[in-house]
Amino acid sequence: MIGTFKGLLTTARWLLKRPVTAHYPEQHLPVQQRYMGFPALLMDDTADEPFCTGCMVCVRECPTQCMSAQMHDNPKFADGTSHRRKIINEFEINLNRCILCGICVDVCSFDAIEMSYEHELASYARTGSRADLTLLLDLGRRYVNMSGWTPANAEKNVAEVALAKRAAAAAAREAPAGDAATEETTEGGE
Amino acid sequence: MVGVTVTTEQAYDTVDMMLNMGPQHPATHGVFRMVLTVDGERVVDVTPHIGYLHRGSEKLAENESYGQVVTLFDRLDYVSNLNNELIFCRAAERLMGIEPPERGQYIRVILAELNRLASHLLFIGTYAIDLGAMTPIMYGFRERERIQNMFESVTGARMMHNFIRIGGVKEDVPPDFVPRVRALLDDVERGVQECDRLLTFNEVFLARTRGVGVIDLPTALSCGLTGPSLRASGLAYDVRKDYPYEVYPYLSYRVPVGENGDCWDRYYMRVLECYESLSMIRQCLDQMEEGPVMAQMRRIARPPKGEVYVHGENPRGDIGVFLVSDGTDKPYRVKVRPPSFCNLVSLRPMMRDAYIADAVAILGSLDIVLGEVDR
C-alpha cells in the first residue's frame, strides 16, 4: 500500500508541470551544431563551381555504396579562373541507402562534402530519394547558411586563395633568387 | 455410446499444449519467438526460435574495411551503440598494438557509461510496461531523450554514432561539454530516482517479480549468463572490474550483487548500476585533462596478421569480439559473442514451472536486444 501511495505522489508532482514532449509536425526542435543529416556538396563561390573534383574517394569508402560520381576536365582551369584540373560532372546519392555515418566527410580532402542538417526529405515518388548534383549543391548552400561553415583547408581548396598562392609561387620562381627569399619571408610573416 | 467402455484414466487423460508466442509480440522487444509447452497454467518447457532479424553482420564485416565495420557494430545492440563501437575498436587496437590517448579514453568511457544509463532507463521503462505499468516508461524515455540530445551534440547522431574510432574518438567534445554533462547527470539522477520510487518497492511490482524466474548461481554459470542478470544470482562478475580496460581502473565504484536471482533482483541490479554509472561519469569529468583524442596512426587501419579476442562489459553482459586479420585492410573474420544471445540460454531453466502469465516478466527481465541476438 505504501509503495502504491508513493508512486501516486510521484506522478501527482508532475501533473502541474509543463510537458517535455514536442508535438512534432507542428513543432520542430532545433538540431544541434554537430548534427549529421544527409550529405550535401558545397560550392566554392570564389570560382562559382563545386569544391568536388570527383576523386571518388567517398564513393569507394562508403559502407553502403550509396554514391556515384563522374568527373570531366575543368574548363575553368584552362581559363585560369580555377585551380581544379578536374571537376565534378555528375554526382548522385541514393538517400535511401545512406546510413549517415559521415565516413565520406572524413575521407574527403577537398572540403567538398559535408553532413548537412537535412533530415526531412521524404517524398512521394519512388525516385524522390535520389539526390543529383543540383539538389546536393542546394542542400549544401542551405547548410552553409544555417551553420556558418567555412572550409577547413582554405589554402588548398578555395580557388581564389589557391590561385593567388600559385601566382605568388610562380612570381617567386621567375624573380631572382635574392628577391624570392625576401618574398617568402614576407609571406611567412603574414 | 453403445458398446464402448471408457475407463476413468482415459477420460481424464491430459496432454501438454503447445503455445506459440511471437514473433510479432510486443513483449518480446523485437522479433523473437518462443514455443511454450504448457500443462494447464504451468510452463513445462520453452523453445526459443531466433533468426528473424539476422542480417549477417559478421559476414558483411569481412567485406568492409576496419573503419566501416564500426558502422555495423552500431547496429548490433541498437540501444547501447557506443558500447559496441568501443569493443570493436579495442579489438582492432589490440591487434595493431596502439593505445588511444588518455583524453580519448576518458571520452570513450563517459560516452559508454552514458549509453549504459540510456539502455538501463529503457529497460526500466519497458520492463514496467511488460508488467502492465504505463507510467515508468514515460519517465525513463524522458531521461533517455536528454542523454540522446547530449549524444547528438557530441557525435552528431542520436543512435548510430560512428564516433568511437580505431585509435581514439572522431573529434574532441564540444567546449561546453563538461558543464552540460554535469547538468544532465543531475537531471538523469532525479529521473532514475523517480523511476526507482515509482516501481522498485511497489507492492504489485514486487508480487509480479519476487520469486519469479529464479535461477541459482551454478545453473546461471553453466548457462553462460553474464552481466546484471548473473550478478543478480550472487556473483560479482564484472568485466570492467575483473579484466579492467580503458580508464576503468582509475574509477572507484561498487559492483551491485543480488541474492535470490529472481526477476526483481535482475531489475534492481540495473537500477543500482544506473547510480554507479552516474558516479563513474562524474569521476571521469573530474579526472579528464586536455590532450589529444586520437592516437598517431595511419589513416587507413591495416593490422598485422594475427588474431585477438577482446571482451568488455555491455549493459547486457559480457560482449566479446574475436577478430582475425590477414594483414589486409579488411578483417578476415569477425566473431561476436553477444551477451543477449548467450543470456537466452538461461531462459529454459528460468521458465520451467513458472506460470504462463510470468513468461513475459521472465523474458523481459533478461533485457534481450534482438539485433544482437540475431546479428
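Residues numbered from 1 in each chain as written. Chains lettered and ligands numbered in written order. Predicted model: local features only at pLDDT ≥ 70, side-chain atom pairs only at ≥ 80, totals over all residues. Heavy atoms only, no water.

Let us now look at the overall build of chain B. Of the regular secondary structure elements, chain B holds 16 helices and eight strands. Computed over the C-alpha atoms, the radius of gyration of chain B is 22 Å, within 12% of the 21 Å expected from 2.2 N^0.38 for a compact globule of 375 residues. With the principal axes as the frame, chain B shows a C-alpha extent of 90 × 50 × 35 Å. Sequence-distant contacts in chain B: of pairs separated by 6 or more residues, those separated by 24 or more amount to 72%. Just so you have it, chain B exposes about 14,800 Å², and 55% of that area is on carbon and sulfur atoms. One way to put it: in chain B the 41 positive side-chain charges average out to a point 5 Å from where the 51 negative ones average out. (Helix = DSSP H or I, 4+ residues; strand = E, 2+ residues; numbered from the N terminus. Rg over C-alpha atoms; globule rule 2.2 N^0.38 Å. Contact = heavy atoms within 4.5 Å. Areas by Shrake-Rupley, 256 points an atom, 1.4 Å probe, with all protein chains shown as cover. Lys, Arg positive; Asp, Glu negative; His and termini not counted. Charge placed at Lys NZ, Arg CZ, Asp CG, Glu CD.)

Turning to the interface of chain A and chain B, a few remarks are in order. Listed per partner, the contact involves 26 residues of chain A and 33 residues of chain B. Interface of chain A and chain B: buried area, both sides summed, is about 2,300 Å²; carbon and sulfur atoms make up 45% of it. Of all residues in chain A, the largest losses of buried area upon contact with chain B belong to Trp14(A), Gln32(A) and Arg34(A), amounting jointly to 28% of the total for that side. Scanning the region where chain A abuts chain B turns up two salt bridges. The salt bridge involving Arg165(B) is made with Asp106(A); its shortest N-O contact spans 2.6 Å. Remark: the boundary between chain A and chain B carries 10 residue pairs in polar contact (both at pLDDT 80 or more). (Buried area = accessible area lost by both parts, 1.4 Å probe. Salt bridge = Lys/Arg side-chain N within 4 Å of Asp/Glu carboxyl O. Polar contact = N/O pair within 3.5 Å; in protein donor to acceptor, adjacent residues only side chain to side chain.)

Quick look at the environment of Arg316(B) now. Residues and elements named next belong to chain B. In this structure, arginine 316 sits in the loop between strand 6 (306–314) and strand 7 (317–325). Residues arginine 316 and proline 339 lie 23 residues apart in sequence; the distance between their C-alpha atoms is 5.9 Å. Among the polar contacts made by the side chain of arginine 316, one reaches the side chain of serine 119 at a distance of 2.9 Å. Among the polar contacts listed, one links the side chain of arginine 316 to the backbone oxygen of aspartate 367, at a separation of 3.0 Å.

With that settled, the discussion passes to the sheet that holds strand 3 (residues 42–49) of chain B. Residue and element names in this part refer to chain B. Spatially, 1-2-3 is the arrangement adopted by the three strands of the open sheet, whose pairing is antiparallel. Both edges of this open sheet fall to strand 1 (17–21) and strand 3, since each of them pairs with a single strand only. Here the strands of the sheet are splayed against their neighbours by 25 degrees on average, with no regard to which way each runs. (Pairing = 2+ DSSP bridges. Axes fitted to C-alpha atoms, helices over the stretch in contact; angles between N-to-C directions.)

Glancing now at the pattern of salt bridges. A side chain with one charge may pair with a side chain of the opposite charge, provided their charged atoms come close. All names here are of chain B. By the definition in use, this model includes 39 salt bridges over all chains. Taking the shortest distance from any N to any O, the salt bridge between arginine 348 and aspartate 45 comes out at 3.5 Å. Of the two residues, arginine 348 is situated in helix 14 (residues 347–351) and aspartate 45 in strand 3; the sequence distance between them amounts to 303 residues. One salt bridge in this structure joins arginine 190 and aspartate 187, with 2.8 Å as the shortest N-O distance. Residue arginine 190 and its partner aspartate 187 are located together in helix 7 (residues 177–199), separated by three residues, close to a single helical turn. Ionic contacts of the salt-bridge type, sharing partners, join the residues Glu113, Arg116, Arg231, Asp238, Arg240, Glu273 and Glu313 into one network.

A contiguous nonpolar surface patch, about 280 Å² in accessible area, is contributed by Ile129(B), Met134(B) and Met138(B). Within the secondary structure, Met134(B) sits in the loop between helix 5 (102–130) and helix 6 (135–155). (Patch = residues over 30% accessible without salt bridge, like charges linked within 9 Å, V, L, I, M, F, W, Y side chains within 5 Å.)

What follows is about the packing of helix 7 of chain B against helix 12 (residues 263–287) of chain B. Residue and element names in this part refer to chain B. At their nearest, the axes of helix 7 and helix 12 sit 11 Å apart, and the two run at 165 degrees to each other. The angle between helix 7 and helix 12 places the two elements in the roughly antiparallel class. Viewed along their axes, helix 7 and helix 12 form a crossing whose handedness is left-handed. Of the residues belonging to the contact of helix 7 with helix 12, the class tally is 16 nonpolar, one polar and six charged. (Parallel < 35°, antiparallel > 145°, perpendicular 65-115°, else oblique. Left-handed = near helix turned anticlockwise from the far one by under 90°. Nonpolar A, V, L, I, M, F, W, Y, C, P; charged D, E, K, R; others polar.)

All names here are of chain B. In terms of residue burial, strand 7 counts as a mostly covered element, since eight of its nine residues are buried. Two elements, strand 6 and strand 7, share nine bridges in a ladder whose sense is antiparallel. Across the sheet, residue glutamate 313 finds its bridge partner in strand 7, namely aspartate 318. The loop that links strand 6 with its antiparallel partner strand 7 comprises two residues. (Buried < 20%, exposed > 50% of the residue type's maximum accessible area, 1.4 Å probe, protein only.)

This part is about the nonpolar core. Leu114(B), Leu323(B), Leu347(B) and Met351(B) are the most contacted members of the largest nonpolar core, which has 110 residues in total. When residues of this core are assigned to their parent elements, the largest contribution, 14 residues, is made by helix 5 of chain B. When near neighbours in sequence (up to four residues on either side) are disregarded, Leu114(B) contacts Ile147(B), Met150(B), Phe151(B), Leu184(B), Leu185(B) and Ile281(B). Residues Cys52(A), Met67(A), Cys104(A) and Ala112(A) belong to the second largest nonpolar core, which totals 37 residues. (Core = buried A, V, L, I, M, F, W, Y, C linked by side-chain atoms within 4.5 Å.)

Across the interface, helix 1 (residues 2–15) of chain A lies against helix 7 of chain B with an axial gap of 7 Å and an inter-helix angle of 140 degrees. Judged by the inter-axis angle, helix 1 of chain A sits oblique to helix 7 of chain B. At the point where helix 1 of chain A passes helix 7 of chain B, the crossing takes the left-handed sense. From helix 1 of chain A, Lys6(A), Gly7(A), Thr10(A), Thr11(A), Arg13(A) and Trp14(A) reach across to helix 7 of chain B, where they touch Glu194(B), Arg197(B) and Leu198(B). Of the residues assigned to the contact of helix 1 of chain A with helix 7 of chain B, the class counts are two nonpolar, three polar and four charged.

We note that Leu100(A) has phi near 60 degrees; this positive angle belongs to a residue other than glycine. Take Leu100(A): its relative accessible area is 24%, and that puts it in the partly exposed class. Within the chain, Arg375(B) stands out as a residue other than glycine whose phi angle is a positive 55 degrees. Looking at the element boundaries, Arg375(B) is found in the segment after helix 16 (370–374). Overall, Arg375(B) belongs to the buried group, its relative accessible area being 12%.

Reading fine detail from the predicted coordinates is not recommended where pLDDT is low. Summing up the model confidence of chain A, the mean pLDDT is 83 and the portion of residues at 70 or higher is 92%. Mean pLDDT values over the elements of chain A span from 47, in helix 8 (residues 177–189) of chain A, up to 91, in strand 1 (residues 39–41) of chain A. (pLDDT = per-residue confidence, 0-100.)

Burial runs high along helix 3 (residues 66–74) of chain B: eight of the nine residues are buried. Residues of helix 3 of chain B that are buried: Tyr66(B), Gln68(B), Val69(B), Val70(B), Thr71(B), Leu72(B), Phe73(B) and Asp74(B).

A contiguous patch of positive charge, built from Lys6(A), Arg13(A), Lys17(A) and Arg197(B), is present on the exposed surface. Its location among the elements puts Lys6(A) in helix 1.

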